[in-house]
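# Chain and residue survey
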Amino acid sequence: MEPKNTSEPQEDELYEHFKFVATKGQEPLRVDKFLMNFIENATRNKIQQAAKNGHIWVNDTVVKQNYRVKAGDEVRVFFEHPPHEFLLTPEDIPLNIVYEDDALLVVNKEPGMVVHPGHGNYSGTLINALLHHVKQLPVNSDERPGLVHRIDKDTSGLLVIAKTEMAMTHLSKQFFDKTTEREYVALVWGNMDSDSGTVEGHLGRHPKNRLQMHVFPEGDQGKEAVTHYKVLERLGYVTLVSCRLETGRTHQIRVHLKYIGHTIFNDERYGGDSILKGTTFSKYKQFVDNAFKVLPRQGLHAKTLGFVHPVTGKMMRFTSELPLDMSNAIEKWRAYAKHAQ
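## Overview of the confidence of the model for the protein
Caution applies to low-pLDDT parts of the model: their predicted coordinates are not meant to be read in detail. In the predicted model, the protein carries a mean pLDDT of 88, and the fraction of residues at 70 or more is 89%. Considering only residues more than four positions removed or in separate chains, one finds that residues 1–12, a stretch of pLDDT under 50, has 41 contacts.

## As for the environment of Arg244
As for its position among the elements, Arg244 is in strand 15 (residues 238–245). Looking at Arg244, the relative accessible area reads 39%, which means it is partly exposed. In contact with Arg244, not counting residues within four places along its chain, are Arg182, Glu183, Val226, Thr227 and His228.

## With respect to helix 3 (residues 126–134)
Of all nine residues in helix 3, seven are buried, a share of seventy percent or more. Those residues of helix 3 not exposed but buried are Leu126, Ile127, Asn128, Ala129, Leu130, Leu131 and Val134. Against the buried residues of helix 3 lie strand 8 (104–109) and strand 9 (156–162). Once helix 3 finishes, Lys135 follows within two positions and takes phi at roughly 80 degrees, a positive value.

## Here we look at the nonpolar core
Leu126, Leu130, Tyr184, Ile253 and Leu257 are the most contacted members of the largest nonpolar core, which has 29 residues in total. Among the secondary structure elements, those contributing two or more residues to this core are strand 8, helix 3, strand 9, strand 10 (181–189), strand 14 (226–235), strand 15, helix 5 (252–259) and strand 16 (300–308). Considering each element in turn, this core owes the most residues, five residues, to helix 3. The residues touching Tyr184, leaving out its near neighbours within four places in the chain, are Ile151, Thr155, Val241, Ser242, Cys243, Leu245, Ile253, Leu300, His301, Ala302 and Lys303.

## Side note on the pattern of salt bridges
Evaluation of the coordinates by the stated rule reveals 15 salt bridges. For Lys163, the salt bridge is made with Glu100, and the minimal N-O distance between the two is 2.9 Å. With Lys163 in the loop between strand 9 and helix 4 (165–176) and Glu100 in strand 7 (residues 97–100), the pair connects residues that are 63 residues apart, well separated along the chain. Relative accessible area serves as the criterion here: at 19%, Lys163 is assigned to the buried category. By relative accessible area, which is 33% here, Glu100 ends up partly exposed. Note that Arg317 is salt-bridged to Glu181, the shortest N-O span being 3.1 Å. Highlighted residues: Arg317 in strand 17 (residues 315–319) and Glu181 in strand 10, separated in sequence by 136 residues. Classification of Arg317 as exposed rests on a relative accessible area of 54%.

## Here we look at unusual backbone geometry
Of all residues except glycine, most have a negative phi; of all peptide bonds, most are trans. For Asn59, which is not a glycine, the phi torsion comes out positive at approximately 50 degrees. Of note, Asn59 is situated in the loop between strand 3 (56–58) and strand 4 (61–62). The residue His251 is not glycine, and still its phi comes out positive at about 60 degrees. By the secondary structure assignment, His251 is in the loop between strand 15 and helix 5. Judged by relative accessible area, which is 5%, His251 ranks as buried.

## Remarks on the packing of helix 6 (residues 282–294) against helix 7 (residues 324–340)
At their nearest, the axes of helix 6 and helix 7 sit 8 Å apart, and the two run at 160 degrees to each other. In terms of their interaxial angle, helix 6 and helix 7 are classed as roughly antiparallel. In this structure, the crossing between helix 6 and helix 7 has a hand that is right-handed. Here Tyr284, Phe287, Val288, Asn290, Ala291 and Val294 of helix 6 lie close against helix 7, whose contacting residues are Asp325, Asn328, Ala329, Lys332, Trp333 and Tyr336. Here the contact of helix 6 with helix 7 is built from residues that sort into eight nonpolar, two polar and two charged.

Criteria and thresholds
All residue numbers here refer to positions counted from 1 along the written sequence of the relevant chain. Totals for whole chains, interfaces and linings use all residues, but because this is a predicted model, local features are given only for residues with pLDDT of at least 70 and pairs of side-chain atoms are given and counted only at 80 or more. For the side-chain quantities, the full set of heavy atoms in the structure was used; hydrogens and water were omitted. pLDDT expresses how confident the predictor is about each individual residue, on a scale running from 0 to 100. What makes two residues a contact is simply this: any of their non-hydrogen atoms within 4.5 Å. Helix and strand labels come from DSSP, where a helix needs a run of H or I of at least four residues and a strand needs a run of E of at least two; each type is numbered from the N terminus. For each residue, the accessible area found with a 1.4 Å probe, counting protein chains only, is set against the maximum for its type, and the residue is called buried under 20%, exposed over 50%, and partly exposed in between. For our purposes a nonpolar core is just a set of buried Ala, Val, Leu, Ile, Met, Phe, Trp, Tyr and Cys residues, chained together by side-chain atoms within 4.5 Å. Any carboxyl oxygen of Asp or Glu within 4 Å of a side-chain nitrogen of Lys or Arg constitutes a salt bridge here. Here the axes come from fitting lines to C-alpha atoms, over the contacting stretch only for helices, and the angles between their N-to-C directions go from 0 to 180 degrees. Oblique is the label for any angle not under 35 degrees, not over 145, and not in the 65 to 115 range, which are roughly parallel, roughly antiparallel and roughly perpendicular in turn. In this scheme the handedness of a crossing depends on how the near helix is turned from the far one: anticlockwise by less than a right angle means left-handed, clockwise means right-handed. Only Asp, Glu, Lys and Arg are considered charged in this grouping, and only Ala, Val, Leu, Ile, Met, Phe, Trp, Tyr, Cys and Pro are considered nonpolar; every other residue, Gly among them, is considered polar.

Following this line, the structure appears as structure tokens:
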């Protein structure tokens, strides 16, 4: 039986290494022993750790290490780092660089560009483009060149990239200590009750859908997450808001806003690609469908980024304009809100 590499993702931070389908003659066998038989150079400890972390799937369901594989089962294994054969290849991809010096650079990422390789996106990423531009970047604790923070594929906006080991250490500490300034602009469903507020709630993997993050308000699971929001403009059935991050968890703004009843507009993963607020009129549905076409991704933009320069010690602040797709969608909602008054 030969392992098959596949690109379908299961988690934002994981890479699929192997997929096996048990043959007809397979006798029931513990999944950890089954994988030991098929993965070259695998250690039992590594496989058991993957099972403990919920990274072994059988027939699209997470299983424990004592699950007994039977004929016809599809077994998939994910690890936290790319396969050994994976190489970071420099690619000549245009970058929107808003600032650069010997220590760091700041880029304005286009929506749709993946930040780092994985899940079948082993090329065409921001990292591939940066390695062509810089040639050599320091590697962080997750073995990702230059990265001290990241934003989702379909989120646009500002990222700072470290070009030296010293810059990476200095910048990473600022993000860890929560001293950086990060403001996002989001278009969300619904008319917010308050002009401003704070969302607090630990974030962790959703217990039933590993592709999503989930709020654990009791703090018994996940990691601390704090988001401050302020209404910028009310547009009838949607609201334009500013979000400032106190922490930087995966999908933090997307999940926190959904938690308070205001899912980001056209956020497919969290249900924002359905009509969540509004009327039942067919013309309204047609309008929203057109707005989805104008903004074919979640309405979230990393607008402002501030940090202390690791060499000069000066405070650096950068602001970016909303990308065209998002600004066009906002204009459509402005016109609709005026017409509906």
